[in-house]
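# Analysis of the macromolecular model
Spelled out from the first residue to the last, the chains are:
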Amino acid sequence: MRVFSDPAQAEHAPTRELHNGGWMDYAEVPARLNSVLDACGPGEPARDFGIEPILAAHDPAYVAFLRDAYRQWRAAGREGDAMGYVFPIVARRKLELERIDAKIGAYSTDASTPIAAGTWDAAYGAAQSALTGMDAVLTGDRAAFALCRPPGHHAGADYMGGYCYLNNAAVAARAAQARGASRVAIVDVDYHHGNGTQDIFYDDGEVLFASIHADPKTDFPFYWGHADERGAGAGEGATLNLPLPQGTEWSGYAPALEKALATVRAHGPDLLVISYGADTFAGDPISQFRLHRDDYTAMAGMIAALGVPTLIVMEGGYAVDALGSNVAAFLAGLG
Ligand code: Q9C
Ligand code: ZN
């Protein structure tokens, strides 16, 4: 299977995130890339499809902000990574915002998504990796792997969050639709709920979003991913959330995946996008499921049995040493 990534993706290196009232080391580190490339690579460089396909999934004002945010932070005399400290829930962008602090808060859901010097180039590169993988699938590959970093599934049309800036899976799905694959299914198997992806497609009946994740009652992102979120308008019923308790093992995970895949089958997609996070791994430092390497091969086998052309987009996975072998086990199961 072809593996795509962009060298700029390694240049995004925030130092810390706010968690439980204190600073902790940033878990989404550049070394994740080499762990995967050592096990699955070296892979191929992403092609550049330009900004247009990114704007098919994201608000232009948000993209313009993201591009320029670090420069504005430095221009304000700040050191270190750019991060907000006011997150509006009422007056979001009804004002002409002046200070970088105001703008960054208006475009963030949380304080785990700092903007560093290389963030824009890395996020852009990750989106291009997803687009390159999508191109491979649309031109005849049965499956392709986009080694995206930073990840994307917590980013909405006009916000970042949870280590995510641009929604790589959504950008790829919209590009597929523009090229005639109108019915798409996105299955999100990252430990965390893919709130950004859900949000982008919430009222879209053509794109099914099915997610298996830690119950948001106990886990980030808390406010999304509950079982009663099922889509709206034309998208009613095209969102499926399957939250599972902390401590879930493969025996509890597999039935949920079977349910998600049955819904995919019923949707009849031209194309499948898998938001793959290896943070369901038993050894993950920030997550609480208990999957093991061989479970990823079984997971991929169930997905491959659908017989639908499939793009795999990398999301989370923070046990850096084991990440490469977990990804390799997953890709092996796709055949
Ligand atoms: N100690 C993804 O896996 N911070 N994002 C939680 C946990 C946010 C995870 C802190 C976690 C975001 C793509
Ligand atoms: Zn995650």
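Here the residue numbering is sequential within each chain, running from 1 through the sequence in written order. Whichever chain is written first becomes A and whichever ligand is written first becomes 1, with later ones labelled in order. Totals for whole chains, interfaces and linings use all residues, but because this is a predicted model, local features are given only for residues with pLDDT of at least 70 and pairs of side-chain atoms are given and counted only at 80 or more. Each side-chain value is derived from all of the structure's non-hydrogen atoms; neither hydrogens nor water enter the calculation.

### Observations concerning unusual backbone geometry
- Residue P42 is bonded to the preceding G41 through a cis peptide linkage, with omega at 10 degrees.
- In the segment running from R149 into P150, the intervening peptide bond is cis, with an omega of 0 degrees.
- Think of it this way: any DSSP run of H or I at least four residues long counts as a helix, any run of E at least two long counts as a strand, and we number them from the N terminus. The residue P150 is located in the loop between β5 (143-146) and α6 (168-178) in this model.
- Within the chain, N20 stands out as a residue other than glycine whose phi angle is a positive 50 degrees.
- Looking at the secondary structure, you find N20 in the loop between β2 (16-19) and β3 (22-25).
- You will see that Y163, though not glycine, has its phi angle at about 75 degrees, which is positive.
- Relative accessible area serves as the criterion here: at 6%, Y163 is assigned to the buried category. Partly exposed residues are those whose accessible area sits between 20% and 50% of the maximum for their type, while under 20% is buried and over 50% is exposed, using a 1.4 Å probe and protein chains only.

### A closer look at the site of ligand 1
- Each residue is tested against the molecule or strand, and it is near if at least one of its non-hydrogen atoms lies within 4 Å. In the vicinity of ligand 1 lie 15 residues, with E17, H19, G162, D279 and Y318 positioned nearest.
- Any pair of nitrogen or oxygen atoms within 3.5 Å is treated as a polar contact; in protein, a donor-acceptor pairing is required on top of that, and neighbouring residues in sequence qualify only through side-chain atoms on both sides. H154 places a side-chain nitrogen or oxygen 3.3 Å from a nitrogen atom of ligand 1.
- Protein coverage of the free-state accessible area of ligand 1, which is 410 Å², stands at 93%.
- In the cavity and pocket records, a cavity denotes points on a 1 Å grid over the protein atoms alone where a 1.4 Å probe fits but cannot get out, a pocket denotes an open set with protein on both sides within 12 Å along at least 5 of 7 lines, and lining residues are residues with an atom within 4 Å of a point. More than half of a molecule's atoms lying within 2 Å of a cavity's or pocket's grid points is what places that molecule inside it. If you map ligand 1 onto the pockets, it falls in the largest pocket.
- Three categories are distinguished: nonpolar for Ala, Val, Leu, Ile, Met, Phe, Trp, Tyr, Cys and Pro, charged for Asp, Glu, Lys and Arg, and polar for the others, with Gly belonging to the last. By residue class, the composition of the shell around ligand 1 is 5 nonpolar, 7 polar and 3 charged. Residue burial considers only the protein chains on display, and all accessible areas are found by Shrake-Rupley using a 1.4 Å probe.

### Considerations on the environment of T239
- Note on placement: T239 falls in strand β8 (residues 239-244).
- For T239, a relative accessible area of 1% translates into the label buried.
- Sequence spacing of T239 and L37 is 202 residues, and the spatial spacing of their C-alpha atoms is 33 Å.
- Contacts between residues were defined by any pair of non-hydrogen atoms, one from each residue, lying within 4.5 Å. Excluding residues that lie within four positions of it along the chain, T239 makes contacts with Q198, Y202, F209, E229, R230 and G231.

### Considerations on the layout of surface pockets
- If you add up the space inside the largest pocket, you get close to 750 Å³.
- As for the largest pocket, its lining consists of 31 residues, and the residues nearest its centre are E17, H19, S112, F220 and F222.
- Here the element with the most residues in the lining of the largest pocket is β2; it accounts for 3 residues.
- Its residues placed into classes, the lining of the largest pocket shows 12 nonpolar, 14 polar and 5 charged. Grid points are joined across faces, edges and corners, and a volume is the space filled by probe spheres set on the points.

### Let's talk about the side chain of H193
- For H193, the location among the structural elements is in the loop between β6 (184-188) and α7 (195-200).
- In terms of polar contacts, H193 uses its side chain to reach the side chain of Q198, at 2.8 Å.

### A look at the packing of aromatic side chains
- By convention, a stacked pair of Phe, Tyr or Trp rings (six-membered ring in the case of Trp) has centres within 6.5 Å and planes under 30 degrees apart, an edge-to-face pair has planes over 60 apart, and any other such pair is tilted. Here the structure, examined in full by the defined rule, presents 12 aromatic pairs.
- Residues Y163 and Y318 carry aromatic rings whose centres are separated by 5.5 Å and whose planes lie at 75 degrees to one another, so their mutual orientation is edge-to-face. Of this pair, Y163 sits in the loop between β5 and α6 while Y318 sits in the loop between β10 (310-314) and α10 (320-333); the two residues are 155 residues apart in sequence, bridging distant segments of the chain.
- On the basis of an interplanar angle of 80 degrees and a centroid distance of 6.1 Å, the ring pair of Y223 and W224 is categorised as edge-to-face.
- Judged by its relative accessible area of 67%, Y223 is exposed.
- Taken together, the aromatic side chains of Y191, W250, Y253 and F289 make up a single cluster linked through ring pairs.
- Put simply, a charge is over a ring when the Lys NZ or the Arg CZ is close to the ring centre, within 6 Å, and near the line of the ring normal, within 35 degrees. Positioned above the aromatic ring of W23 is the side chain of R16, whose terminal nitrogen or guanidinium carbon lies 3.7 Å from the ring centre.
- Stacked on the ring of W73, the Lys or Arg R78 has its end atom at 5.0 Å from the ring centre.

### Describing the pairing of β10
- Extensive coverage of β10 is indicated by the burial of 5 of its 5 residues.
- A strand pair is defined by DSSP finding two or more bridges across the two strands. Note: strand β9 (residues 271-276) against β10, 5 bridges, orientation parallel. Looking at β10, one finds that V273 is bridged to L311.
- With the strands aimed away from the viewer, a crossover counts as right-handed if its path from the first strand over the helix to the second runs clockwise. As for the winding sense of the linkage, the β-α-β connection from β9 through helix α9 (residues 293-304) to β10 is right-handed.

### Some remarks on the pattern of salt bridges
- The salt bridge criterion pairs a side-chain nitrogen of Lys or Arg with a carboxyl oxygen of Asp or Glu, the two atoms within 4 Å. Under the counting rule described, the total for this entry stands at 12 salt bridges.
- Among the ionic pairs, R71 bridges to D68, the shortest N-O distance being 2.6 Å. In this pair, R71 and D68 are both assigned in helix α3 (residues 60-75), 3 residues apart and thus about one turn of the helix distant.
- Overall, R71 belongs to the exposed group, its relative accessible area being 51%.
- Judged by its relative accessible area of 23%, D68 is partly exposed.
- Two residues, D294 and R293, come together in a salt bridge whose shortest N-O distance is 3.8 Å.
- For R293, a relative accessible area of 44% puts it in the partly exposed group.

### Observations concerning the coordination of the zinc ion (ligand 2)
- Within the protein, D190 (OD), D190 (OD), H192 (ND1) and D279 (OD) serve as the donor atoms for the zinc ion (ligand 2), at 1.9 to 2.8 Å.
- Every donor residue of the zinc ion (ligand 2) comes from the same chain, spaced as D-x1-H-x86-D. Of this pair, H192 sits in the loop between β6 and α7 while D279 is found in the loop between β9 and α9, placing the two residues 87 residues apart along the sequence. Because water is not among the atoms used, a metal site may look incomplete, as its donors are only the N, O and S atoms within 2.8 Å, or 3.2 Å for Na, K and Ca.

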